[in-house]
Amino acid sequence: REFESEIRFYSGDDPLDVWDRYIKWTEQTFPQGGKESNLSAVLERAVKALSEEQRYYKDPRYLNLWLKFGNCCNEPLDLYSYLHSQEIGTTLALLYITWAEELEARGSFKKADLIFQEGLNRKAEPLDKLQSHHRQFQTRVSRQTLLGLEEATDEKDTGLLETEEPQRSSLADLKGRGKKRVKAPISRVGDALKAMNQNRSFQTLTSQQLSNNPGFAVFDENSALASGPEIPVLMPQPWTAPPVPRAKENELSAGPWNSGRRPHSSANLGIEVPYPLPSFTPYVEE
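Here the structure is a predicted model, which is why all the values come from computation and not from measurement.

Draft legend 1. Quick peek at the packing of helix H2 (residues 15-29) against helix H4 (residues 60-70). It is the contact of H2 with H4, at a shortest axis distance of 10 Å, that shows an interaxial angle of 45°. In terms of their interaxial angle, H2 and H4 are classed as oblique. Our pair here, H2 against H4, has a crossing hand that is left-handed. Contacts between H2 and H4 involve Leu 16, Asp 17, Asp 20, Ile 23 and Glu 27 from the first element and Arg 61, Tyr 62, Leu 65 and Lys 68 from the second.

Quick look at the structure:
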């Protein structure tokens with residue numbers, strides 16, 4: 001009540017100070033959060049009440065309120081895009097660090113690095129903190145890349161060991177069979193060699209057919225890899241309003257206004273309710 005009264009009748013030069021103390025007091029009084037804290041509603045009121053104060057757009061306290069409010073939204077990435085489009089906190093390193101960490105947690109490493117590069121180009125303060133987080137991010141991505149390459153190499157080696165078959169050794173020379181036509185016996189190991197020969201003949205036939213048909217376009221993997229993947233570009237979005245937060249705990253969901261049941265009797269109210277006659281003749285005992 002004291003904070004609400006101070007906000008209502010405040011006449012000083014720094015209204016952000018009141019909201020900042022109000023939020024910190026709420027977090028300390030209700031560390032577990034929940035419905036009693038009503039923190040999401042207070043954060044929403046704070047950012048909307050100060051949305052017209054452009055002097056706070058570069059204030060770390062105001063950015064902290066927005067980032068805490070982003071934790072109450074269903075999609076924090078939409079909130080970061082809104083802040084970027086409105087130039088709120090774009091000179092502060094905390095915006096780019098939080099934005100990149102959210103993208104990294106979702107596996108979007110290229111976009112996360114792009115956000116770090118955006119902050120470095122704008123020389124967001126403190127710059128040394130932003131550079132430190134960027135180096136740590138690069139170290140984590142490099143480690144994950146190396147682990148992925150090692151796992152792929154191990155799987156490849158394991159596959160080679162599993163498909164390898166021992167070669168049979170012959171103690172005597174092969175003798176021809178047949179009187180008219182002498183044929184050497186075929187000695188193979190398993191069905192792998194047969195399948196390999198069939199695949200070779202199929203590939204030869206397919207290559208001949210493709211060469212005879214010049215109108216057929218063959219996909220070239222080498223040229224596709226040489227072109228390289230497209231690098232995403234950070235484009236500001238024309239956000240006109242912040243994202244809608246998720247449903248608050250003290251709000252009731254919509255439901256039916258009545259139960260839809262028809263009253264059994266209206267005799268007490270003195271109202272006659274016309275009931276439809278049945279379509280059959282009921283049995284009446286004599």
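Draft legend 2. Representation of the pattern of salt bridges. Across all of its chains, the model carries 14 salt bridges by this definition. The partner of Arg 21 in a salt bridge is Asp 17, and the shortest N-O contact between them spans 3.0 Å. Pair noted here: Arg 21 and Asp 17 are both in helix H2, with a separation of four residues, about one helical turn. Residue Asp 17 is classed as partly exposed on the basis of its relative accessible area, which comes to 28%. Taken together, the salt bridges that share partners define one network made up of Glu 6, Asp 17 and Arg 21.

Draft legend 3. Expanded view of helix H7 (residues 109-122). When the terminal C-alpha atoms of H7 are compared, their 20 Å separation across 14 residues agrees well with the 20 Å that a helix rising 1.5 Å per residue should span. Residues Ala 112, Ile 115, Phe 116, Glu 118 and Gly 119 constitute the buried set of H7. For H7, the angular spread of buried residues about the axis comes to 155°, placing them on one side. Opposite the buried face of H7, at more than 90 degrees from it, the exposed residues are Lys 110 and Asn 121.

Rules of the game
Residues numbered from 1 in each chain as written. Predicted model: local features only at pLDDT ≥ 70, side-chain atom pairs only at ≥ 80, totals over all residues. Heavy atoms only, no water. Axes fitted to C-alpha atoms, helices over the stretch in contact; angles between N-to-C directions. Helix = DSSP H or I, 4+ residues; strand = E, 2+ residues; numbered from the N terminus. Parallel < 35°, antiparallel > 145°, perpendicular 65-115°, else oblique. Left-handed = near helix turned anticlockwise from the far one by under 90°. Contact = heavy atoms within 4.5 Å. Salt bridge = Lys/Arg side-chain N within 4 Å of Asp/Glu carboxyl O. Buried < 20%, exposed > 50% of the residue type's maximum accessible area, 1.4 Å probe, protein only. Expected span 1.5 Å × (residues − 1). Arc of directions from axis to C-beta.

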